[in-house]
Amino acid sequence: MGEAAIQGSKNAALPVMAASVLVPGVTVLSNCPEISDVSCMCELLRSVGAKVVREGRKLVIDASRISRCHLPEEYVTRMRSSVILAGAMLGRCREVYFQHPGGCVIGDRPIDMHLDALRQLGAVFTQDGDHLAGRAGRLSGARIILKFPSVGATENAVLAAVLAEGTTEIYRCAKEPEIRALCSFLNGAGARVFGGGSGHITVEGVSCLHESRWRVEPDRIVAGTYLIGVLAAGGRARLSGAPARQLTEVLKLAQRMGAQIAADKEGIWVERSGELKSPGALETGVYPEIPTDLQSPLLVALCRAQGKSSLTERIFNGRLAVAEELNRMGAGIEVEGNCARTQGPRLLTGCSVTARELRGGAALVLAGVCAAGYSRVYNRRFIDRGYEDIVRDLKSLGADIGSET
Ligand code: EPZ
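Small disclaimer: the values here were computed from a predicted structure and weren't measured. Per-chain numbering applies: the sequence of each chain, read as written, is numbered from 1 onward. In keeping with the model being predicted, local features are shown solely for residues with a pLDDT of at least 70 and side-chain atom pairs are shown and tallied solely at 80 or more, while totals for entire chains, interfaces and linings include all residues. The side-chain figures draw on all heavy atoms in the structure; neither hydrogens nor water molecules are used.

### Considerations on the packing of helix α1 (residues 10-19) against helix α4 (residues 84-93)
Using the following cut-off: Only C-alpha atoms enter the line fits that serve as axes; for helices the fit covers just the stretch in contact. Angles between N-to-C directions range over 0 to 180 degrees. A run of DSSP states H or I qualifies as a helix once it reaches four residues; a run of E qualifies as a strand once it reaches two. Both are numbered from the N-terminal end. Between 65 and 115 degrees an angle is taken as roughly perpendicular, under 35 as roughly parallel, over 145 as roughly antiparallel, and anywhere else as oblique. Definitions for this section: a left-handed crossing has its near helix turned counterclockwise from the far helix by less than a right angle. A right-handed crossing has that turn clockwise. Pairs of residues are marked as contacts when any of their non-hydrogen atoms sit within 4.5 Å. Residues are sorted three ways: Asp, Glu, Lys and Arg are charged, Ala, Val, Leu, Ile, Met, Phe, Trp, Tyr, Cys and Pro are nonpolar, and all the rest, Gly among them, are polar.
It is at 8 Å that the axes of α1 and α4 come closest, and there the two elements cross at 20°. By the criterion of interaxial angle, the relationship of α1 to α4 is roughly parallel. Crossing handedness for the pair α1 and α4: right-handed. Contacts between α1 and α4 pair L14, P15 and A18 from the former with I84, L85 and A88 from the latter. Residues of the contact of α1 with α4, tallied by class, amount to 6 nonpolar, no polar and no charged.

As structure tokens, then:
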């Protein structure tokens, strides 16, 4: 019961921060979320010679001088999405050295599509162990067909094509809102990118970009997490700034499960007072389907819903591991391959659980809010990668929640 203001989007901010490397001057970003992944990207930008001044949610990035091309291993392995710096570095300096980021707890995280797209633009990669060296004498426009609409590979291809000679056509692009945002930012800095947010993007290479300012849009996954929290726990909330138009499938699902939803350009109002009904069989998919990043929070709502539910994860091959921790609270989730099944409503019992990754950690907190008795969620650092302050936000929505350092 209450109101929460939705922070800026992690997955919109990170690619725009990478894109600032293409600008031989100052880029000013506002409404940048104060999360550790943004801090990590700030360190990566500093490591290649950019000057980054952070004042709360405002970032001033001066990439006038990019003096180094090595991305430090500690940051690349900590944050796999740092691989989108490769395209920007090749675009700016024609070379980049980085550690293959490898898999993580939500599944394999290959970068084959990233490397294939960059090779088609003229980059040559040599591998020494898991060190990758990328060089490009020149970058030339190409016709790239992605084998899957990968968000990161789409971003990398666009970033490397912006300063290439000639025109690049990218087919089977990811359509996530963060791609549209990145392309809008780039055009505001003098690039010529058409079709951002559609399955086909055209980039006409330009000789250089110029300084610009950009406001990061609200985070649809943070908004979706808290909306699902209201579904699971019951109550009513106003999520101010929530980007309703980017959550269409999730809002339809919430209504199917018995919630009342009202949405306008100011945000989303959600109430769940009656019975939470099972939606039957769900699956995650590429935008605009139900996002994989909301799969784990949704597991909490499904085990609280009346009836049998299933949720099939179609994007990552290791993202259902959180079910094991949820089951320690009594969630009754059975996992078979990439499908999770449960029959609710389950009365969750508070206990100590451990977060292993960002969205699974957020799901454990939501489960703790719904459970009888106290829960402790360890490894808060994983949650702080993407949520500015989940304790602050859920407390403002009426949860009995606190944290110990
Ligand atoms: C982005 O990751 C997001 N991260 C993820 O959010 C999000 O879950 C994902 O897109 C899907 O929407 C950022 O934007 C920083 P993909 P990304 O490339 O780009 C496979 C969060 O919680 N693949 O669309 O890494 C890959 O293994 C994070 O905020 C290849 O096989 O996702 C996965 O199975 C988690 N080869 C699928 O494609 C490649 O070269 C989709 O990955 C690239 C990807």
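### Some thoughts on helix α8 (residues 220-233)
Rules: A helix is expected to span 1.5 Å multiplied by its residue count minus one. Any pair of nitrogen or oxygen atoms within 3.5 Å is treated as a polar contact; in protein, a donor-acceptor pairing is required on top of that, and neighbouring residues in sequence qualify only through side-chain atoms on both sides.
Its 14 residues place the ends of α8 20 Å apart at the C-alpha level, agreeing with the 20 Å of an ideal helix rising 1.5 Å per residue. Looking at where α8 begins, the residue whose side-chain oxygen comes 2.8 Å from the main-chain nitrogen of I221 is D219. A positive phi of about 85° marks G234, the residue just after α8.

### Comments concerning the pairing of strand β15 (residues 267-272)
We apply this condition: Relative accessible area decides the class of each residue, using a 1.4 Å probe on protein chains only: under 20% of the type maximum gives buried, over 50% gives exposed, and in between gives partly exposed. For two strands to be treated as a pair, DSSP must find at least two bridges joining them.
Most of β15 is tucked away, with 5 of its 6 residues classed as buried. When strand β13 (residues 235-240) meets β15, the two strands line up antiparallel, connected through 6 bridges. Considered in β15, the bridge of A237 is made with V270. Where strand β14 (residues 260-264) lies against β15, 5 bridges are found, and the strand directions are antiparallel. Bridge pairing in β15 links D264 to G267.

### Points about helix α10 (residues 295-304)
Along α10, 10 of the 10 residues are buried, which leaves the element largely enclosed by surrounding structure. Along α10, the residues classified as buried are Q295, S296, P297, L298, L299, V300, A301, L302, C303 and R304.

### Notes on unusual backbone geometry
Note that the residue after Y287, namely P288, is joined by a cis bond; omega there is 10°. On the secondary structure map, P288 appears in the loop between β16 (281-283) and α10. With an omega of 0°, the peptide bond between G344 and P345 qualifies as cis. A positive phi is found at N31, a non-glycine position, where the angle reads about 60°. By the element assignment, N31 lies in the loop between β2 (26-30) and α2 (36-47). On the basis of relative accessible area, N31 is assigned to the buried category, the value being 12%. A positive phi angle, close to 65°, is found at N379, a residue other than glycine.

### Let's talk about the site of the ligand
Using the following cut-off: The nearness test applies per residue and asks whether one of its heavy atoms lies within 4 Å of the molecule or strand. Note that accessible areas follow from Shrake-Rupley with a 1.4 Å probe, and for residues the cover is restricted to the protein chains shown. Here the limits of each domain have been adopted from an automatic or database domain assignment.
Looking at the ligand, there are 22 residues lining it, with D112, M113, S150, D293 and I315 nearest. Between the ligand and N11, the relevant distance is 3.1 Å, taken from an oxygen atom to a side-chain nitrogen or oxygen of the residue. Between the ligand and G152 there is a distance of 2.8 Å, counted from an oxygen atom to a backbone nitrogen or oxygen. Contact with the protein chains covers 86% of the free accessible surface of the ligand, which is 820 Å². Within the residue set of the shell around the ligand, elements represented by two or more residues are α1, α5 (112-120), α6 (151-161) and α12 (358-370). Of all the elements, α5 adds the most residues to the shell around the ligand, at 3 residues. Considered class by class, the residues forming the shell around the ligand number 9 nonpolar, 6 polar and 7 charged. For the shell around the ligand, the domains that each give at least three residues are domain 1 (7-215) and domain 2 (220-396).

### Examining the domain arrangement of the chain
Rules: Throughout, buried area stands for the accessible area (probe radius 1.4 Å) lost by two parts on being put together, summed over both. The rule for a salt bridge is simple: a side-chain nitrogen of Lys or Arg has to be within 4 Å of a carboxyl oxygen of Asp or Glu.
Once the domains are mapped, the chain shows domain 1 (7-215) and domain 2 (220-396). Each of domain 1 and domain 2 has a C-alpha centre, and the two are 30 Å apart. Across the contact, 23 residues belong to domain 1 and 22 residues belong to domain 2. For the pair domain 1 and domain 2, the summed buried surface comes to about 1900 Å²; carbon and sulfur atoms form 50% of the total. Summed over the shared surface of domain 1 and domain 2, the number is 3 salt bridges. For R220, the salt bridge identified is with E178, shortest N-O distance 2.8 Å. There are 13 residue pairs in polar contact (both at pLDDT 80 or more) connecting domain 1 and domain 2. Broken down by secondary-structure element, the contributors of at least two residues to the side of domain 1 that touches domain 2 are α1, α2 and α7 (177-188).

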